[in-house]
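Analysis of the macromolecular model
The primary structure of each chain is shown beneath.
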Amino acid sequence: MAVSDNTRGLILAMLSSLFIGTSFILKKKGLRRAAEAGTRAGVGGYTYLLEPLWWAGMITMIVGEVANFVAYIYAPAVLVTPLGALSIIVSAVLAHFLLKERLRRMGILGCVSCIVGSIVIVIHAPQEHIPSSVQEVWSLATQPAFLIYVAASLSIVLVLMLHFEPLHGQTNILVYLGICSLMGALTVVSIKAIGIAIKLTLEGINQFGYAQTWFFLSIAVIFVITQLNYLNKALDTFNAAIVSPIYYVMFTTLTIIASAIMFKDWSGQNVSSITSEICGFITVLSGTVILHMTREEEPATATGSITWYDGDPSKGVEEAHFIALNNSDYFR
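All of these numbers come straight from a predicted model, not from anything done at the bench.

Bringing the confidence of the model for the chain into the picture now. Residue-level pLDDT values for the chain average 77, and 79% of them are 70 or greater. Of the regions scoring below 50 in pLDDT, residues 296–332 engages in 47 contacts with residues more than four places distant in sequence or in other chains.

In this section: the pattern of salt bridges. Enumeration over the complete set of coordinates arrives at three salt bridges. A salt bridge links lysine 233 to glutamate 165; its shortest N-O distance comes to 2.8 Å. Residue lysine 233 is found in helix H9 (residues 211–237), and its partner glutamate 165 is found in helix H7 (residues 144–168); the two are separated by 68 residues along the sequence. Accessibility classification places lysine 233 together with glutamate 165 in one group, the buried group. One salt bridge connects glutamate 203 with lysine 199, and the closest N-O pair in it is separated by 2.9 Å.

Between its terminal C-alpha atoms helix H2 (residues 52–74) stretches 33 Å, which fits the 33 Å expected from 23 residues at 1.5 Å a residue. Taken residue by residue, H2 has Leu53, Trp54, Gly57, Met58, Thr60, Met61, Gly64, Ala67 and Ala71 as its buried positions.

Between helix H6 (residues 134–141) and H9, the shortest axis-to-axis distance is 9 Å and the interhelical angle comes to 65°. Like other packed secondary-structure pairs, H6 and H9 cross with a definite hand, here left-handed. In contact with Val134, Val137 and Trp138 of H6, H9 contributes Gln212, Thr213, Phe215 and Phe216. For the contact of H6 with H9, the residue count by class is five nonpolar, two polar and no charged.

Summarizing the sequence annotation, UniProt attributes the feature "transmembrane region" (unreviewed entry) to residues 6–26, 80–99, 106–125, 145–162, 174–198, 210–231, 238–262 and 274–291 in the numbering used throughout. Helix makes up 100% of residues 6–26 and strand 0%, and the two end C-alpha atoms of the span are 30 Å apart. Annotated as 95% helix and 0% strand, the span residues 210–231 places its first and last C-alpha atoms 32 Å apart.

How each quantity is defined
Residues numbered from 1 in each chain as written. Predicted model: local features only at pLDDT ≥ 70, side-chain atom pairs only at ≥ 80, totals over all residues. Heavy atoms only, no water. pLDDT = per-residue confidence, 0-100. Contact = heavy atoms within 4.5 Å. Salt bridge = Lys/Arg side-chain N within 4 Å of Asp/Glu carboxyl O. Helix = DSSP H or I, 4+ residues; strand = E, 2+ residues; numbered from the N terminus. Buried < 20%, exposed > 50% of the residue type's maximum accessible area, 1.4 Å probe, protein only. Expected span 1.5 Å × (residues − 1). Axes fitted to C-alpha atoms, helices over the stretch in contact; angles between N-to-C directions. Left-handed = near helix turned anticlockwise from the far one by under 90°. Nonpolar A, V, L, I, M, F, W, Y, C, P; charged D, E, K, R; others polar. UniProt positions renumbered as here; feature names shortened; annotations may be inferred.

Below you can see the structure in the form of structure tokens.
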């Protein structure tokens, strides 16, 4: 019996989540080992590039992303995207056993809320029009509304990089993941264009003779490298079981927004779908808040600051990651 395209897409999406969830753990272990031999990635170090375990995680992530990319060719986004939530479960379980990063009950509730909310958003998100050529993607990408979105996203990224990262990058997970997610949403447009170009070229209609194809390819490469850099910083600084769900939620949400603006599909939504999407966003927001609360529920010091310890026995006292934050600065 022939296997349907949707079944192929489903299998590829599930394998993608398995590989990506595992890659978070491998890269985290590699970053920990690299931190013992040099400067941590969270403060600008690049010694992790010499760590084989980090490269194993990188290769695993690439395999997962390739599987995810191919899955979108066979199955619609409404089927593939929600399955990305499986990577959260994979990374959380592996982090518990391999990294000794205990996820509290409230943290589990936060993860579940993030997953449920994201699935609701994706299921009720507007169906996007699938472009039939790279030129059509370029036409959609140069619409005034989408250009405004791109300008706003890049402006926020620059503000996060230049202003908030030096001040709050080590204490607020949303700084690093905000950069990753904003750029990731824009990368999706380029990846979609590249996928269309490859598919049409394999069918005998060469798309690599157009400058737009190479432009999208260049943008995708630059944005992916930048995302990986800041994702490494997030993984090196924060708990992997927290990084994974928040990154997934932010990336999924921003991707849906970018896609809706670019393809103008919101006009076809009914009241029921819009209401469901709002409920999904509220659920996601609640889950994100719960995840932050579980990180902050540590005994306070006598001076009124918050202190926590990452519990890594491989580090000496000097590298023990005792972080004391003034409450007014952190919640400002």
